Amino acid sequence: MATKKPIKKKPSPSRKGARRSSVKHNIASKPKQELRPYFRIPAADAVATNFWNVPDLCAAYNWPTGLAGGGVIALVEFGGGWVRSDLDRFCAGIGQPSPTVTDFSVDGTVNTPSPDPYGYDSEVALGLQVAAASYYVATGKPATIRIYWSADIVLAVRAAIGDGCDVCSISWGHDEADWNKQVALDMEQAITAATDAGMIVFAASGDNDSKDGGPNPANVDLPASCPHVIGCGGTTKTNASETVWNNNPGQTDGSGTGGGFSTIFAPLPAWQIGAPNGPGRMVPDVAANADPNTGYNIVLHGQTITRGGTSAVAPLYAGLFAAFGRKLGHITPKLWLNPLCFNDITVGDNGGFRADRGPDPCTGLGTPVGLKLSKLFL
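Residues numbered from 1 in each chain as written. Predicted model: local features only at pLDDT ≥ 70, side-chain atom pairs only at ≥ 80, totals over all residues. Heavy atoms only, no water.

**Details of the nonpolar core**
Core analysis: the biggest nonpolar cluster contains 73 residues, and Ile145, Phe202, Leu316, Phe321 and Leu335 have the highest contact counts within it. Tallying contributions element by element places helix α3 (residues 121-139) first for this core, with 11 residues. Counting 32 residues, the second largest nonpolar core, distinct from the first, contains Trp179, Ala194, Leu222 and Val283. (Core = buried A, V, L, I, M, F, W, Y, C linked by side-chain atoms within 4.5 Å. Buried < 20%, exposed > 50% of the residue type's maximum accessible area, 1.4 Å probe, protein only. Helix = DSSP H or I, 4+ residues; strand = E, 2+ residues; numbered from the N terminus.)

This is the structure we're talking about:
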């Protein structure tokens, strides 16, 4: 297939007032490095009727129901915290029982809730509540979720492997250009070990358009760019339409889905059938609603709020695939062989790349058709 040409554009202005929260994490050649959570807050003029309760979004994506389930979900978190009362209130509000949740400290990092409404607690609440609701819709049973608190992704993934988890959701990352190559390869090695042990790993592709906060107009996020990770991009979904998420159309650095081609993991994997040609592995593989202006209703600090970002997409898929059962492993090649299990998104851009028919570096294969995926894996 011919290469999809990047969009030509003028340099974008700096994003004033954008929140660039991060935690320090030893991922690169520097002694310390930033690791970003990928949640976003709706614009002040966002229309509340466009926000989604998770069960309604699942229904819009044709979620299966009545599955046997059984998969154990791992969430990797690096800061912030959660409280049981928020989770119970969220579940009661959508008519679901609360999941079983267990916290594990991998390296001394612990569940540490904060009163800051814009802090890391938003990240934790979004992942936990979306995964729980997604799983329940598909099974009618409460999920089993384990949260791994760590300042090191590799250690957290290996801990989840050791505990026998079946699906892992990671909603934190950093632009690939800032990762030391050997550390990135170690990350891929750990995730390969995870899939060999039967654990599926989903990771957010980033919320800063094709630049991903990096030095170049086209730069992907890691760990989403690891070949054994299923990279999760974002869309803007309403009841009437679905397009690539980009609140700054045509700009390479704004509020929108990450996506592009890896420069560390090259060449393009053979299983990325039909993907446009690029220097390396294409990101993302799949997508779902992520625009904060069509975001997810969750509960934080006792209040119903709305959050978006590709941080919501990874746990949405994690809940669905945990409902398919246990030890499915490296399923990415199978997904790419079955593109009809996804809604192809053909409208929009992430700054560096445009959506097109078939796979693209904005939304990958597209958004889930839950019933078709369940038939594929069951």
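Having seen the structure, we can now continue with the description.
**Topic: the confidence of the model for the protein chain**
Confidence in the prediction of the protein chain, expressed as mean pLDDT, is 91, and 91% of residues score 70 or more. Here residues 24-33 is a poorly scored stretch, pLDDT under 50, and it has 26 contacts once near neighbours within four places are set aside; other chains count. (pLDDT = per-residue confidence, 0-100. Contact = heavy atoms within 4.5 Å.)

**Overview of the state of the cysteines**
Tallied over the entire structure, the rule returns zero disulfides. Free of any disulfide, Cys168 has its nearest cysteine sulfur in Cys165, 7.5 Å distant. A relative accessible area of 0% places Cys168 in the buried class. Cysteine Cys226 is unpaired, with the sulfur of Cys168 as its nearest cysteine sulfur at 12 Å. (Disulfide = S-S within 2.5 Å.)

**Some points on the environment of Cys341**
Position of Cys341 among the secondary structure elements: in the loop between α7 (332-336) and β17 (342-343). A relative accessible area of 7% means that Cys341 is categorised as buried. Expressed as a C-alpha distance, the spacing of Cys341 and Lys375, which sit 34 residues apart in the sequence, is 9.4 Å. With residues up to four places along the chain from it excluded, the contact list for Cys341 reads Thr367, Pro368, Val369, Lys372, Leu373 and Leu376.

**Considering the pairing of strand β4 (residues 100-105)**
Within a regular strand, the side chains alternate between the two sheet faces. Pairing of β4 with strand β5 (residues 144-149) involves six bridges; the strand directions are parallel. What sits directly across from Ser105, in β5, is Trp149. Taken together, β4, α3 and β5 form a β-α-β motif whose crossover is left-handed. (Pairing = 2+ DSSP bridges. Right-handed = clockwise from strand over helix to strand, strands pointing away.)

**Details of the packing of helix α2 (residues 84-93) against α3**
Closest axis-to-axis distance for the α2/α3 pair is 11 Å, and the angle between their directions is 40 degrees. α3 is crossed by α2, and the crossing has right-handed handedness. Judged by residue contacts, Asp86, Leu87 and Phe90 of α2 engage Leu128, Gln129 and Ala133 from α3. Residues belonging to the contact of α2 with α3 are distributed by class as follows: four nonpolar, one polar and one charged. (Axes fitted to C-alpha atoms, helices over the stretch in contact; angles between N-to-C directions. Left-handed = near helix turned anticlockwise from the far one by under 90°. Nonpolar A, V, L, I, M, F, W, Y, C, P; charged D, E, K, R; others polar.)

**Details of helix α5 (residues 181-196)**
End to end, α5 covers 22 Å across 16 residues, agreeing with the expected 22 Å (1.5 Å per residue, within 8%). For α5, the set of buried residues is Ala184, Met187, Glu188, Ala190, Ile191, Ala194 and Thr195. An end-on view of α5 places all buried positions within 160 degrees of arc, on one side of the element. The inward-facing, buried residues of α5 contact α4 (153-162), β8 (200-204) and β9 (221-222). At the N-terminal boundary of α5, the capping side chain belongs to Asn180, with an oxygen 2.9 Å from the backbone nitrogen of Gln182. Phi for Gly198, located one or two positions after α5, is positive at around 100 degrees. (Expected span 1.5 Å × (residues − 1). Arc of directions from axis to C-beta. Polar contact = N/O pair within 3.5 Å; in protein donor to acceptor, adjacent residues only side chain to side chain.)

**Focus on the pairing of strand β10 (residues 230-237)**
Burial of β10 is extensive: eight of the eight residues sit out of reach of the surface. The side-chain alternation of β10 yields two buried faces, one formed by Ile230, Cys232, Gly234 and Thr236 and the other by Gly231, Gly233, Thr235 and Lys237. Relative to β10, β8 runs parallel, the two being bridged by three bridges. Along β10, the bridge assignment pairs Ala203 with Gly231. Relative to strand β14 (residues 286-289), β10 is paired through four bridges, and the arrangement is parallel. Bridge pairing in β14 links Cys232 to Val286.

**Examining the pattern of salt bridges**
Summed over the entire model, instances satisfying the criterion amount to six salt bridges. Notably, a salt bridge pairs Arg326 with Asp166, separated by 2.8 Å at the nearest N-O pair. Note that Arg326 is positioned in the loop between α6 (313-322) and α7 and Asp166 in the loop between α4 and β6 (167-170), a separation of 160 residues in sequence. Here Arg326 falls in the partly exposed class, since its relative accessible area comes to 46%. Put simply, Asp285 and Arg281 hold a salt bridge, and the shortest N to O gap is 2.7 Å. A single burial state applies to Asp285 and to Arg281, both of which are buried. It is possible to trace a salt-bridge network through shared partners that takes in Asp166, Arg326 and Lys327. (Salt bridge = Lys/Arg side-chain N within 4 Å of Asp/Glu carboxyl O.)

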